Amino acid sequence: MSAVAGPERPQVVSHVQQALSYTVFDCKWVPRSARLLCLGSAARGTGLIQLYELHGARLELLREIEKPKPIKCGTFGATSLQQRYLATGDFDGNLNIWNLEAPEIPVYSVKGHKEIINSIDGVGGLGIGEGAPEIVTGSRDGTVKVWDPRQNDTPVANMEPVQGESKRDCWTVAFGNAYNQEERVVCAGYDNGDIKLFDLKTMSLRWETNIKNGVCSVEFDRKDINMNKLVATSLEGKFHVFDMRTQHPTKGFASVSEKAQKSTIWQVRHLPQNRDVFMTSGGSGSLHLWKYEYPAQRSKKDSEGSEMGVAGSLSLLQNVTLSTQPISSLDWSPDKKGLCVCGAFDQTVRVLIVTKLNKI
């Protein structure tokens, strides 16, 4: 790892801090707007969705929506830019899709899992990625399911433990490889360190590995291109970057790992405008901004003549400590480069500005 020095170093500036009266589990920018959402759990055990608008250096609360069950995660990834419907996963295993203009009843609802939905992702919406709009959910019940909101009640894919295999808590899911109408993958990370890559075209397990530590967050650098890179973060402060372009028949994908800190890395999010820059959020209340540098050659032949990938290197662009509590959620604005929102367990949501991203 190298650290970028000098005046060209990006700065992470805390622009607005908003205290909340509840536990926030996820926060999301509303696409094509200066609005953001906070999703979480109220003290009395109900779910909350708060919609804020950014006005200069303050956040104005536009709407507060209370729901029966705490809300763990949300995504806009499967909706159109016109509708901007929010899909959420809750503590009771329900997948709901909300029209935020009329949020009284969901536009789509299914009891997706027997236990809490820990993680959700969407693809095929927002003009990102080819193919059908789909939502993936990962749950404590050990299953990963893919949903097409145009079909009722039944998932279009269900990845569950095979008979005799113990069920593992799925903590994180992400779509990738959606570069045409046919191709699409889902990556899932589990509490025992397993990472599994499911190919939705062939309905098969394409690759699996274990990083020896609970997998908190996985994300492809872009969903809508040929698989390029995948970052996986872990419970004990380490993260791995896999080069997903070349899969070796026995060794799988080349990777580089970095021990960022002693505590859990809760999330990773790639900068939408530059897929080689990403931010990790930590259990120590810190954020780290990274850049991936590609090697001179991304693949080479092994002694048998099989192609194998070559991992690149990582440089730390900046790090900052914002909170005494874990920063559990993070989202870049898809529209304004360097604008970011994060939610922490100190019941605070922060809007951040990352400067000088054009210079790196």
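Read on for a plain summary of the structure.

Scoring rules and cut-offs
- Residues numbered from 1 in each chain as written.
- Predicted model: local features only at pLDDT ≥ 70, side-chain atom pairs only at ≥ 80, totals over all residues.
- Heavy atoms only, no water.
- Helix = DSSP H or I, 4+ residues; strand = E, 2+ residues; numbered from the N terminus.
- Rg over C-alpha atoms; globule rule 2.2 N^0.38 Å.
- Buried < 20%, exposed > 50% of the residue type's maximum accessible area, 1.4 Å probe, protein only.
- Contact = heavy atoms within 4.5 Å.
- Areas by Shrake-Rupley, 256 points an atom, 1.4 Å probe, with all protein chains shown as cover.
- Lys, Arg positive; Asp, Glu negative; His and termini not counted.
- Charge placed at Lys NZ, Arg CZ, Asp CG, Glu CD.
- Polar contact = N/O pair within 3.5 Å; in protein donor to acceptor, adjacent residues only side chain to side chain.
- Salt bridge = Lys/Arg side-chain N within 4 Å of Asp/Glu carboxyl O.
- Phe/Tyr/Trp six-rings, centres within 6.5 Å; stacked < 30°, edge-to-face > 60°.
- Patch = residues over 30% accessible without salt bridge, like charges linked within 9 Å, V, L, I, M, F, W, Y side chains within 5 Å.

**Quick look at the overall build of the chain**
Then, number 1: A count of helices and strands for the chain gives zero helices and 31 strands.
Then, number 2: Computed over its C-alpha atoms, the radius of gyration of the chain comes to 19 Å, within 12% of the 21 Å expected for a compact globule of 360 residues.
Then, number 3: Expressed along its principal axes, the backbone C-alpha trace of the chain runs to roughly 60 × 55 × 35 Å.
Then, number 4: Within the span of the chain, comprising 360 residues, buried residues form 57% of the whole.
Then, number 5: Within the chain, residue pairs in contact and separated by at least 24 positions form 50% of the contacts whose partners lie at least 6 positions apart.
Then, number 6: Accessible area for the chain stands at about 15,000 Å²; split by element, carbon and sulfur atoms hold 46% of it.
Then, number 7: Distance between charge centres in the chain, computed from 42 positive and 40 negative side chains, equals 4 Å.

**Notes on the side chain of Ser286**
Then, number 1: Structurally, Ser286 can be placed in strand β25 (residues 286–293).
Then, number 2: Among the polar contacts listed, one links the side chain of Ser286 to the side chain of Ser284, at a separation of 3.0 Å.

**Things to note about the pattern of salt bridges**
Then, number 1: Scanning the entire structure with this criterion turns up 20 salt bridges.
Then, number 2: Notably, a salt bridge pairs Asp191 with Arg168, separated by 3.1 Å at the nearest N-O pair. You can see Asp191 sitting in the loop between β16 (185–190) and β17 (194–199) and its partner Arg168 sitting in the loop between β14 (157–159) and β15 (170–176), a full 23 residues away along the chain.
Then, number 3: Given the relative accessible area of 25%, Asp191 is considered partly exposed.
Then, number 4: Put simply, Arg350 and Asp346 hold a salt bridge, and the shortest N to O gap is 2.8 Å.
Then, number 5: You can call Arg350 buried: its relative accessible area is 4%.
Then, number 6: Bridged by salt links that share partners, the residues Asp221, Lys229 and Asp276 form one connected network.

**Considering the packing of aromatic side chains**
Then, number 1: Across all of its chains, the model carries eight aromatic pairs by this definition.
Then, number 2: With centroids separated by 4.9 Å and ring planes inclined at 85°, the aromatic side chains of Trp207 and Phe253 adopt a geometry described as edge-to-face. Here Trp207 is found in strand β18 (residues 204–210), whereas its partner Phe253 is found in the loop between β21 (238–243) and β22 (255–259), with 46 residues between them in sequence.
Then, number 3: Between Trp266 and Phe345 the ring centres are 5.3 Å apart and the planes differ by 85°, which places this aromatic pair in the edge-to-face class. Pair noted here: Trp266 is in strand β23 (residues 265–271) and Phe345 is in the loop between β30 (339–344) and β31 (348–354), with a separation of 79 residues, a long-range link.

**As for a positive patch on the surface**
Then, number 1: On the surface, Lys212, Lys238, Lys259 and Lys262 cluster together to form a positively charged patch.
Then, number 2: The topology assignment puts Lys238 in strand β21.

**Details of the environment of Arg184**
Then, number 1: Mapped onto the elements, Arg184 comes out in the loop between β15 and β16.
Then, number 2: The class of Arg184 is buried, set by a relative accessible area of 6%.
Then, number 3: Sequence spacing of Arg184 and Lys28 is 156 residues, and the spatial spacing of their C-alpha atoms is 24 Å.
Then, number 4: At 2.8 Å, the side chain of Arg184 and the side chain of Glu134 are in polar contact.

**Examining the environment of Leu271**
Then, number 1: Position of Leu271 relative to the elements: it lies in strand β23.
Then, number 2: Contacts of Leu271, omitting those with residues within four sequence positions, involve Val277, Phe278, Trp332, Lys337, Gly338 and Leu357.

So far we have only geometry, and geometry alone does not tell us how the molecule works.
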